Amino acid sequence: MSGKNFKGVIFLFILWQIASMNADPLILPSPLEILNVFRNEIFNTSGILETGITLYRFFIAYLISLLAGVLCGMGIFKNSTAKSFLWPFITILQATPVISWVLLALLWFPSEIIPYFILGMFTLPVITISTFHGLESTDKKLLEMAAAYGVDEKGIFSKIMLPSMLSHLLGGIKITVNSSLKVLATAEIIGRLPRGIGGRMNMAWINIETGSLLAWTIYLIILTGLLEKLISRVIKIKWGRYL
């Protein structure tokens, strides 16, 4: 965190403290109360377990959506018939608001399935479109040159098409990771799951525990930022040359 950002955070906390001194604690708890929630509810065995449950759901749903999106994007690129049938469906998925999927999921699935479904509907179209555009943007002159020199299809894909696909796909991954954990937590809340970060936020709302709700919200924001930085770091180390 830069010096200017740190000063901004301190200034925000001062304003928050002043405002909380003149407000009902039920409406605006003090920063100290939020810190107490972090210590008593979040940074302990129970809070770590709830975090682990949400992260487990996130990684399972995201990896399945990532694999399905890559395969779907490659299939659309390779087969014009598949593109004519699937492309309108993918664009509709991308245009559909997340809240619509949440409401439909409440009608269609048991509560435990809802987070996986919601994250899938959010991630799949972005990954599919990123994969397709990456393959489609492959330099045609390089493909012609490779064909002229007798390079086989496997070599053309691994040496020319894969790097082009990755440059777009990795961008799609960074975009979706930024919001996916928050989308998942929202699905946990709407689905009224008893476990996970969303479950704890929902319980705090039911019990009118404003301090707990704010603390878990701040924690989710911090966790999302850390997760994004971690995945961006891994991408940069392993595939940075394609970006």
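Everything quoted here is computed from the prediction, not taken from an experiment. (Residues numbered from 1 in each chain as written. Predicted model: local features only at pLDDT ≥ 70, side-chain atom pairs only at ≥ 80, totals over all residues. Heavy atoms only, no water.)

## A closer look at the overall build of the protein
- Counting its regular elements, the protein contains ten helices and zero strands.
- In the protein, the succession of helices and strands from N to C terminus is α-α-α-α-α-α-α-α-α-α.
- For the protein, the proportion of its 243 residues judged to be buried stands at 39%.
- Once local pairs closer than 6 in sequence are excluded, the contacts in the protein between residues at least 24 apart make up 73%.
- In the structure as shown, the protein presents an accessible area of about 14100 Å², 70% of it carried by carbon and sulfur atoms. (Helix = DSSP H or I, 4+ residues; strand = E, 2+ residues; numbered from the N terminus. Buried < 20%, exposed > 50% of the residue type's maximum accessible area, 1.4 Å probe, protein only. Contact = heavy atoms within 4.5 Å. Areas by Shrake-Rupley, 256 points an atom, 1.4 Å probe, with all protein chains shown as cover.)

## Digging into a nonpolar patch on the surface
- On the surface, a nonpolar cluster with roughly 340 Å² of combined accessible area is contributed by Ile99, Leu103, Leu106 and Ile190.
- With three residues, helix H5 (residues 98-108) is the largest single contributor of residues to the nonpolar patch. (Patch = residues over 30% accessible without salt bridge, like charges linked within 9 Å, V, L, I, M, F, W, Y side chains within 5 Å. Salt bridge = Lys/Arg side-chain N within 4 Å of Asp/Glu carboxyl O.)

## Re the side chain of threonine 51
- Here threonine 51 is to be found in helix H3 (residues 45-78).
- Within the structure, the side chain of threonine 51 is placed 2.8 Å from the side chain of tyrosine 219, a separation counted as a polar contact.
- Residue contacts for threonine 51: discarding those within four places in its chain leaves Ile197, Tyr219 and Leu223. (Polar contact = N/O pair within 3.5 Å; in protein donor to acceptor, adjacent residues only side chain to side chain.)

## Topic: the packing of aromatic side chains
- One pass over the full model with this rule turns up 13 aromatic pairs.
- With centroids separated by 5.1 Å and ring planes inclined at 70 degrees, the aromatic side chains of phenylalanine 58 and phenylalanine 59 adopt a geometry described as edge-to-face.
- Note on phenylalanine 58: relative accessible area 1%, which makes it buried.
- Of the residues examined, phenylalanine 59 reaches a relative accessible area of 37% and is grouped as partly exposed.
- Their ring planes at 50 degrees and their centres at 4.8 Å tell us that tryptophan 87 and phenylalanine 132 sit as a pair that is tilted. Here phenylalanine 132 lies in helix H6 (residues 114-136) and tryptophan 87 lies in helix H4 (residues 80-95), a separation of 45 residues in the sequence.
- Among the aromatic residues, ring-to-ring pairing joins Phe38, Phe43, Trp216 and Tyr219 into one connected group. (Phe/Tyr/Trp six-rings, centres within 6.5 Å; stacked < 30°, edge-to-face > 60°.)

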